[in-house]
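Chains, contacts and geometry: an overview
Next come the chains, spelled out residue by residue.
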Amino acid sequence: MAYSWLMIDPEKDPESAARFGRMLLDWYDAHQRDLPWRSSRDPYAIWVSEIMLQQTRVAVVIERYLQFLDRFPSLLALALAPEQDVLALWSGLGYYRRARMLHKAAQYVVEHYNGALPATADQLRLLPGIGAYTAAAIASIAFGQVIGVVDGNVERVFCRVQDWPAITRSSASRLRRSITTLVDRIIPASRPGDFNQALMELGATVCTPRSPQCIICPVAVDCSTRGEHQTAPRPAMLSTEFGCALAVRTSSYPGPHHLEILLEQRPDTRSVMPGLWQLPTLTDPTVPEASLRMTLRHAIMRVNYYVRVRTVLAEEVDSLTRPQGERRWVPQAEITSLALTGLTRKVLTRAHLMRPPLEGIQVPALTVP
Ligand code: SF4
């Protein structure tokens, strides 16, 4: 793609690129959100945040990031931990493969790099679970490598600034190449990590998908479209119904009136969420009103699950549920140490059988400019 007609043209008009970078960084210095990983220079902490932020909302990541670093404060601590402990801390974030790969990569770094993360994007890409985007993000933010990071937010900003068409399935790879080339040409060598974060921040907070706030945008002067860009239609969500059983009994161990909850572990052979613990699945998701404990919506990728949760007595479990793995009556006090599916965590929290994840952890206020 030629750059002759672009607003940001690093070859024909180097000043336009320099101005764009200056305005963006000035805005970022003044308005960036106060996110816990931004106060850290520790490559391990930055790596954890980048993995957690993949496909997960910032507000959710803040909670889990602080808990995760509290439990695994160093790369070595993570490498030495059992996988089930890592998955338990990941519970609620979804996409559990990320946690497994993070754990494996930590062990690899201990074995092959003496516990210190390698400093370049090319080396980082060799680690389990680290693709081109994450490698560039860690290398630029933690080690100052001058390399661009292009995520969906950055793509949207440049499609609008340059008046390129919104990315579609057929145009994706060509446009992404053009945007990556452009970012690599205009990224300032003095602050590559901040520049990358500023671009992503602009897309996340100002140049948002549905309602860009051009009036407060720091790069509006260099933007071709200023709110007039054709936004790609949002893909439709699918929906399905689902039922799960909440079976609770009292136990005399470790003392009178302790509660136990029936959970089952998904087999390791499952392609989705292997090894995670869940509530038993109802054979029939239609639940009589008298037994209905709660209803909730749980979204996974592009599917909305409308879930009915039924109170089930211990003696009804076999007739009302379909076994999907090994079952165990788990004492309430042990539940937080298990790797739960996000849905199970949500149900148990709403049923007041489990504490919300943030209790006992201090979280900084999230400020949006
Ligand atoms: S001016 Fe508007 S459309 Fe252009 S980059 Fe800024 S927020 Fe996005």
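About the cut-offs
Residues numbered from 1 in each chain as written. Predicted model: local features only at pLDDT ≥ 70, side-chain atom pairs only at ≥ 80, totals over all residues. pLDDT = per-residue confidence, 0-100. Contact = placed C-beta atoms within 7 Å. Helix = DSSP H or I, 4+ residues; strand = E, 2+ residues; numbered from the N terminus. Domains from an automatic or database assignment. Nonpolar A, V, L, I, M, F, W, Y, C, P; charged D, E, K, R; others polar. Near = placed C-beta within 6 Å. Core = buried A, V, L, I, M, F, W, Y, C linked by C-beta atoms within 7 Å. Buried ≥ 20, exposed ≤ 12 C-beta atoms within 10 Å, placed from the backbone. Expected span 1.5 Å × (residues − 1). Axes fitted to C-alpha atoms, helices over the stretch in contact; angles between N-to-C directions. Parallel < 35°, antiparallel > 145°, perpendicular 65-115°, else oblique.

Here's the deal with the confidence of the model for the protein
- Residues with a pLDDT of 70 or more make up 93% of the protein, whose mean pLDDT is 89.
- Under a pLDDT of 50 for its full length, residues 1-5 has, in the predicted model, 5 contacts with residues more than four places off or in other chains.
- Under a pLDDT of 50 for its full length, residues 360-369 has, in the predicted model, 19 contacts with residues more than four places off or in other chains.

A closer look at the environment of Thr134
- You can see Thr134 is positioned in helix 8 (residues 132-143).
- Placed 13 residues apart in sequence, Thr134 and Ala121 show a C-alpha to C-alpha distance of 8.4 Å.
- Aside from chain neighbours lying at most four places away, what touches Thr134 is Glu50 and Ile51.

Some words on the domain arrangement of the protein
- Per the domain assignment, the segments making up the protein are domain 1 (14-222) and domain 2 (238-350).
- Computed from C-alpha atoms alone, the centre-to-centre distance between domain 1 and domain 2 is 34 Å.
- Taken together, the contacts link 7 residues of domain 1 with 10 residues of domain 2.
- Tallied by class, the residues present in the side of domain 1 that touches domain 2 amount to 3 nonpolar, 4 polar and no charged.

Brief notes about the site of the ligand
- Within the structure, the ligand sits among 16 residues, and Cys207, Pro212, Cys214, Cys217 and Cys223 are positioned closest to it.
- Here the residues of the shell around the ligand are counted per class, giving 10 nonpolar, 4 polar and 2 charged.

Re the nonpolar core
- Counting residues in each nonpolar core, the largest one holds 90 residues, and the members touching the most others are Val48, Ile138 and Val154.
- Apart from residues lying up to four places away in sequence, Ile138 is in contact with Pro43, Ile46, Trp47, Glu50 and Leu124.

Some thoughts on helix 8
- Relative to the 16 Å expected for 12 residues at 1.5 Å per residue, helix 8 spans 16 Å between its end C-alpha atoms, a close match to the ideal helical length.
- Among all positions of helix 8, only Thr134, Ala135, Ala136, Ala137, Ile138, Ala139, Ser140, Ile141 and Ala142 are buried.
- Packed against the buried residues of helix 8 are helix 2 (43-53), helix 7 (121-124) and helix 11 (192-205).
- Within two residues after helix 8, Gly144 carries a phi angle of roughly 75 degrees, on the positive side.

Some points on the packing of helix 9 (residues 152-161) against helix 10 (residues 172-186)
- Across the interface, helix 9 lies against helix 10 with an axial gap of 10 Å and an inter-helix angle of 85 degrees. The angle between the axes of helix 9 and helix 10 places the two elements in the roughly perpendicular class. Two secondary-structure elements touch here, helix 9 through Val154, Glu155 and Phe158 and helix 10 through Arg176, Ile179, Leu182 and Val183.
- Here the residues of the contact of helix 9 with helix 10 sort into 5 nonpolar, no polar and 2 charged.

Here's the deal with the packing of helix 1 (residues 14-31) against helix 11
- Packing of helix 1 against helix 11 brings their axes to within 9 Å, and their N-to-C directions diverge by 75 degrees. Comparing their axes, helix 11 and helix 1 come out roughly perpendicular. In this structure, helix 1 uses Gly21, Leu24, Leu25 and Tyr28 to contact helix 11, whose residues at the interface are Asp194, Phe195, Gln197, Ala198, Leu199, Glu201 and Leu202.
- Looking at side-chain class alone, the contact of helix 1 with helix 11 contains 7 nonpolar, 2 polar and 2 charged residues.

Quick look at helix 9
- Of all the 10 residues making up helix 9, 8 are buried; the element is thus mostly covered by neighbouring parts of the structure.
- Taken as a whole, helix 9 has its buried residues at Val154, Glu155, Arg156, Val157, Phe158, Cys159, Arg160 and Val161.

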